[in-house]
Amino acid sequence: MTAVETATGLGPARGTPNAARSASPWTTLLRPGLIVPLLVLLIALAWAVAPGLFTSQSPTETVAPALQAPSAEHWFGTDATGRDLFSRVVHGASQSISAALLAVFVGFAFGTLIGVSAGAVGGWVDDVFMRFVEVMLAIPTLLLSLSVVILLGFGTANAAIAVGVTSVAVFARLSRAQVMSVRASEFVEAAYGSGGTFFGVLRRHVIPNSLTPVIALAALQLGSAILQISTLGFLGYGAPPPTPEWGLLIAEGRNYVATAWWLTTLPGLVVVLVVVATNRLSQAISSGGRS
């Protein structure tokens, strides 16, 4: 394996003996230390895709007396209007997780486009794009997301776009660095020497060999996006009531912390578990099981 292959994470071609012996990052998910995070994430995704399989209670209708403590009938208790809190948490997964996926897509798509353009073209294009990226990195993430969501308007989709905008600079910086590193490699120079055009070499060699760390970053950003969207929901910039959304659920229970601890503690615990599980799994995938 060459130094370029080592730096870019590229190994021998598939089908070679060394490739067969190299463990795929996805096989690390079967390690015992990752079983619990994997189960947590799978449950959260199942909640988002098919909430009706996990609860028959309505997330927006009163089903019991208000502020009932957790019980066998209502696992997470009821809120101030008598709605089943577990049902609201389960149905809220679709809002929070889908918004996080949208946020990661926005950051990945636009950030990678900027980074690849800057790294591949260079010159004044690189200078202009990187000055833009530096400005974005200088603005605090929460302040930038609040500014964007105020411009776009309230709502889960707008909050997701706002969170995605805050991650554009991170994706752009990483993708630019990877493209510039691959451009300086010997196999790219050989491709040009063999008569390859700029766009042909970029499409066949540079971009495929540059995006592996960027994709790993996208997986890592999912947990951060869930946390940021929950923060915006807590501040009132996400889904409007009575739509269940994890940040909004925590905000609705903050006035009852002393008398009904479950209103904030249990939704908050779900958010923490999902974010930690997502980060743990994405780190394991990106490191190829070394952690």
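The coordinates are above.
Residues numbered from 1 in each chain as written. Predicted model: local features only at pLDDT ≥ 70, side-chain atom pairs only at ≥ 80, totals over all residues. Heavy atoms only, no water.

1. Quick look at the side chain of Ser 58
Threshold: Runs of H or I in DSSP of at least four residues are treated as helices and runs of E of at least two as strands, each being numbered from the N terminus. Pairs of N or O atoms within 3.5 Å make up the polar contacts considered here, provided that, within protein, one atom can donate a hydrogen while the other can accept it, and that residues adjacent in sequence are counted only when both atoms are side-chain atoms.
Inspection of the secondary structure assignment puts Ser 58 in the loop between helix 3 (35-49) and helix 4 (85-121). Here Glu 61 takes part through its backbone nitrogen, which lies 3.3 Å from a polar atom of the side chain of Ser 58.

2. A closer look at a nonpolar patch on the surface
Quick note on the threshold: Surface patches are drawn from residues lacking salt bridges whose relative accessible area is over 30%; two like charges belong together within 9 Å, two nonpolar side chains (Val, Leu, Ile, Met, Phe, Trp, Tyr) within 5 Å. All accessible areas in this document rest on Shrake-Rupley with a 1.4 Å probe, and a residue is counted as covered only by the protein chains that are shown. Salt bridges are identified by distance alone: a Lys or Arg side-chain nitrogen within 4 Å of an Asp or Glu carboxyl oxygen. Relative accessibility decides the category of a residue: with a 1.4 Å probe and only protein chains considered, values under 20% of the type maximum give buried, values over 50% give exposed, and everything between is partly exposed.
A grouping of Leu 102, Phe 105, Leu 151, Leu 152 and Ile 161 is seen on the molecular surface, where their side chains present a nonpolar patch of about 490 Å² in accessible area. Among the secondary structure elements, those contributing two or more residues to the nonpolar patch are helix 4 and helix 6 (141-152). Overall, the relative accessible area of 55% leaves Phe 105 in the exposed class.

3. Some details on unusual backbone geometry
Along the chain, Pro 241 connects to Pro 242 via a cis peptide bond; the corresponding omega equals 0 degrees. Positive phi is not limited to glycine here, since Leu 67 has a value of about 55 degrees. With respect to the helices and strands, the residue Leu 67 is situated in the loop between helix 3 and helix 4. Judged by relative accessible area, Leu 67 falls into the partly exposed class, the value being 31%.

4. What to know about the pattern of salt bridges
This model, assessed by the stated rule, comprises six salt bridges. Arg 88 is the partner of Asp 79 in a salt bridge, and the nearest nitrogen-oxygen pair spans 3.9 Å. The same class applies to Asp 79 and to Arg 88, which are both buried. By sharing partners, the salt bridges in this structure join Asp 79, Arg 83, Arg 88 and Glu 252 into a single network.

5. Digging into the nonpolar core
Selection criterion: In these notes, a set of buried Ala, Val, Leu, Ile, Met, Phe, Trp, Tyr and Cys residues joined through side-chain atoms within 4.5 Å is what counts as a nonpolar core. Only heavy atoms matter for contacts: two residues are in contact if any of them lie within 4.5 Å across the pair.
Counting 49 residues, the largest nonpolar core has Trp 47, Phe 76, Val 89, Ile 226, Ile 229, Trp 246 and Val 270 as its most contacted members. Elements supplying a minimum of two residues to this core: helix 3, helix 4, helix 5 (123-138), helix 6, helix 7 (156-183), helix 10 (212-234), helix 11 (246-252) and helix 12 (262-286). Residue contributions to this core peak at twelve residues, all from helix 4. Setting aside residues up to four positions removed in sequence, Ile 229 forms contacts with Ser 96, Ala 99, Ala 100, Ala 103, Ala 160, Val 163 and Glu 245. Counting nine residues, the second largest nonpolar core, distinct from the first, contains Ala 120, Val 179, Val 182 and Ala 191.

6. Overview of helix 4
Spelled out, the test is: In this scheme, a helix's expected span is set at 1.5 Å multiplied by one less than its residue total. Fitting one axis to the seven residues ending at a residue and another to the seven starting there, the bend at that residue is the angle between the two axes.
A rise of 1.5 Å per residue sets the reference length of helix 4, with its 37 residues, at 54 Å; its end C-alpha atoms lie 53 Å apart and thus fit the reference within 8%. By the largest-angle criterion, Gly 92 marks the main kink of helix 4, which is about 30 degrees. Backbone geometry just after helix 4 places Gly 122 at a positive phi near 70 degrees.

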